[in-house]
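What the coordinates show
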Amino acid sequence: MRLPKLLALVAALTVVLGLMIWLVNSIYQLYINIAWSAPPLLANVVVLLLIVLLALLITALIYYGVMFWRFPKGSLRESQNQQKRRKPKIKLPEAKTEAAAENLRAIKKQVKQIEDEVSRQALLSRSREIETNLSKKNLQVVIFGTGSSGKTSLINALIGRMVGTVSAPMGTTEVGETYELKLKGLEREILITDTPGILEAGVAGTEREQLARKLATEADLLLFVVENDLLQSEFVPLKALAEIGKRNILVLNKIDLYTDEDKEKILARLRERIRTFISPSDVVTVSANPRTVKLETGEIIQPEPDVMPLIRRLANILRAEGDDLMADNILLQSQRLGEEARKLIDAQRRRQADKVVERYQWISAGVIAVTPLPVVDLLATVAVNAQMVVEIGKIYGCDLNMERGRDLALSLGKTLASLGIVKGAIELVSRALQLNIATYLVGKAIQGVSAAYLTRIAGKSFIEYFRQNQDWGDGGISEVVQRQFELNKKDEFVKAFVQEAIAKVVQPLTQNPPQETEIEYQEVADEEEEVEETKIPPYEYVDDWTNSSPKREDW
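Residues numbered from 1 in each chain as written. Predicted model: local features only at pLDDT ≥ 70, side-chain atom pairs only at ≥ 80, totals over all residues. Heavy atoms only, no water.

Stated precisely, the cut-off is as follows: UniProt positions are given in the numbering used here, feature names are shortened, and annotations may be inferred rather than shown by experiment.
As recorded in an unreviewed UniProt entry, the protein goes by the name GTP-binding protein, listed as coming from [Phormidium ambiguum] IAM M-71. The record in UniProt for the protein states the following under Subcellular location (unreviewed entry): "Membrane".

**Comments concerning the nonpolar core**
What counts is decided by this rule: Only buried residues count toward a nonpolar core. Its members are Ala, Val, Leu, Ile, Met, Phe, Trp, Tyr and Cys residues joined through side-chain atoms within 4.5 Å. For every residue, the accessible area obtained with a 1.4 Å probe (protein chains only) is divided by the maximum for its type, and the residue is called buried under 20%, exposed over 50%, and partly exposed between those limits. Put simply, DSSP marks the helices as runs of H or I at least four residues long and the strands as runs of E at least two long, and each gets a number from the N terminus on. Residues count as neighbours in contact if any of their non-hydrogen atoms are within 4.5 Å of one another.
In this structure, Ile392, Phe462 and Phe466 are the most contacted members of the largest nonpolar core, which totals 51 residues. Elements that contribute at least two residues to this core include exactly α10 (308-370), α11 (382-395), α12 (402-418), α13 (421-434), α14 (439-467), α15 (476-487) and α16 (491-511). Ranked by the residues each element gives to this core, the list is headed by α14, at twelve residues. In this structure phenylalanine 462 touches Met388, Val389, Ile392, Leu408, Ala409, Leu412 and Trp472, once residues within four positions along its chain are discounted. Counting residues in each nonpolar core, the second largest holds 31 residues, with Leu183, Ile192, Val286 and Leu310 among its members.

**Some thoughts on the side chain of threonine 146**
In this structure, threonine 146 sits in the loop between β1 (138-145) and α6 (151-159). If sequence neighbours within four positions are ignored, threonine 146 has contacts with Lys151, Gly197, Ile198, Leu199, Val225 and Glu234.

**Considering the pattern of salt bridges**
Formally: Salt bridges are identified by distance alone: a Lys or Arg side-chain nitrogen within 4 Å of an Asp or Glu carboxyl oxygen.
In the structure shown here, the tally under the stated rule is 21 salt bridges. Residue aspartate 282 pairs with arginine 313 through a salt bridge whose shortest N-O separation is 2.8 Å. Here the residue aspartate 282 occupies a position in the loop between α9 (260-273) and β6 (283-285), and arginine 313 occupies one in helix α10, the gap between them amounting to 31 residues. Residue aspartate 282 is classed as buried on the basis of its relative accessible area, which comes to 3%.

**Thoughts on the sheet that holds strand β4 (residues 221-226)**
Heads up, the rule is: Between any two strands, pairing holds if DSSP finds at least two bridges. Axis angles are defined between N-to-C directions and span 0 to 180 degrees, where every axis is a line fitted to C-alpha atoms and, for a helix, only to the segment in contact.
Pairing is mixed in the open sheet, where six strands are placed in the order β2-β3-β1-β4-β5-β6. Each of the sheet's edge strands pairs with one partner strand only, and the pair in question is β2 (177-181) and β6. Across this sheet, the average inter-strand angle for adjacent strands is 25°, counted without regard to direction. Judged from the three bridges that link them, strand β5 (residues 248-252) and β6 form a sheet pairing that is parallel. Across the sheet, residue valine 251 finds its bridge partner in β6, namely valine 284. Strands in contact with α9 are β4, β5 and β6; relative to β5, the strand with the most contacts, it is inclined by about 155°.

**Structural notes on the packing of α13 against α15**
Spelled out, the test is: With respect to orientation, any angle under 35 degrees is reported as roughly parallel, any angle over 145 as roughly antiparallel, any angle of 65 to 115 as roughly perpendicular, and every other angle as oblique. Classification convention: Asp, Glu, Lys, Arg as charged; Ala, Val, Leu, Ile, Met, Phe, Trp, Tyr, Cys, Pro as nonpolar; all other residues, Gly among them, as polar.
Running from amino to carboxyl end, α13 crosses α15 at an angle of 10°, the nearest separation of the two axes being 12 Å. Classed by the angle they form, the pair α13 and α15 counts as roughly parallel. Contact residues: α13 offers Ile421, Gly424 and Ala425, while α15 offers Val481, Gln482 and Phe485. Among the residues making up the contact of α13 with α15, the classes are represented as four nonpolar, two polar and no charged.

**Some points on the packing of α11 against α12**
The line we're drawing: When the near helix sits turned anticlockwise from the far one by under a right angle, the crossing is termed left-handed; a clockwise turn instead gives a right-handed crossing.
Axis separation between α11 and α12 bottoms out at 8 Å; the angle between their running directions is 115°. Regarding the angle of α11 to α12, the classification is roughly perpendicular. Pair α11 / α12 crosses with right-handed handedness. Every residue of α12 that contacts α11 at Val382, Ala383, Asn385, Ala386, Gln387, Val389 and Val390 is listed here: Met402, Gly405, Arg406, Leu408, Ala409 and Leu410.

See the structure below:
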């Protein structure tokens, strides 16, 4: 306790003690005076009442003194009024929201590395939206499905008023339209968004589908509406949404068109198809816009929509899982945004690294072309390749010295030779050159162009190495190098590479021919035979571009 407060407390206690002594003495004198002129019993009663009144007064003073001490300047009444008005504060699960907030902080750091202003501002804008959603109070429910499944009719039935055109055979919703829905027993309001239909024809239909998919991925809860058994084209997006963590309710609409037996068969097929990612209890049936019925009297009546099974299931899920669904969705959105930022940074780094590789491949060609050797010797370009490695590493945030760069360049050069890629590159380049330039120039150009080609493969391999945090992966350096060789020996690339090589290597050679003796290709091949004796078995490349498995959609 501070000294001023201590002194004040001592002074107050002294005053109180003095008053108590004075009060006791006064009561005693009063008692003597009353007892002198009246019966003693009356004096006792008067003194007792006086003591009780004084005790009540002291208690009241102590109570209000303490309350004043705790709530100074009239804040007591304000606090009481706030407690009356205050409703229970809705909070999202803290662990998930904290994880989402941490992701957003990491994204802000990543955004600083992105050079493209448009992409950077778009990421910042979406990051701010997610931050706002951390304190949102509304549950976002999105209705998704084909245009003919009756999505708009379902919203009509749920909120009890007309919200769109429902008579067209395909969807007429152009943009995502949102409506409010309040369910009894839920503190949060529900925002239901009607999305454009999927699987519509034409460019406009494709654009509407892209919007629908975007809205679906941002939903807290998804209502996937169908009108019969699932088509393959409906099953794929439904499963993809479930795989990224979306909570789905599969809604079978238009059940008034089926007999009870047919309805049960459809339900059984639906539950069987989606049993691995949607619970059977999350498959519900509705009739959002029943067909008219003609009575015997000729009168035509419109039955009431039957959507109560959906409302009950919706209410149960939102009461039990509403907060978790919102927190999961916010966390998912932050993770997806972080992944998008990483992809942008990776693409930016790859473009920068590709420029470095392209520059050094022609530097290597120049080094070899002006000092021709009996073989294409990668050791002659180690210094060049070492500098290339250092520059690529710097792009990926890795500071390497020249010694480390030289070690990496030597290691990869030996791998190129041991896998037979040096010989393969020379053969590839030789055939391509023979188709484009005179035969007598091939011997002059083959060394420089081959060196450029091999430097390119080395550079591309190092890009993969740094992309994986200086790790060659499970298959090691051999697999990475072999894969890059396979990717860079495709006819289209080789043709374009040789045309550029003719301009950068061959034409300068014809203008300023080297003084050394021309080297025939056969001599190069003979020297490569010595390397072949120590090579390891070549990596068997599997071309996954020809895989016939169905393509997984990127959500």
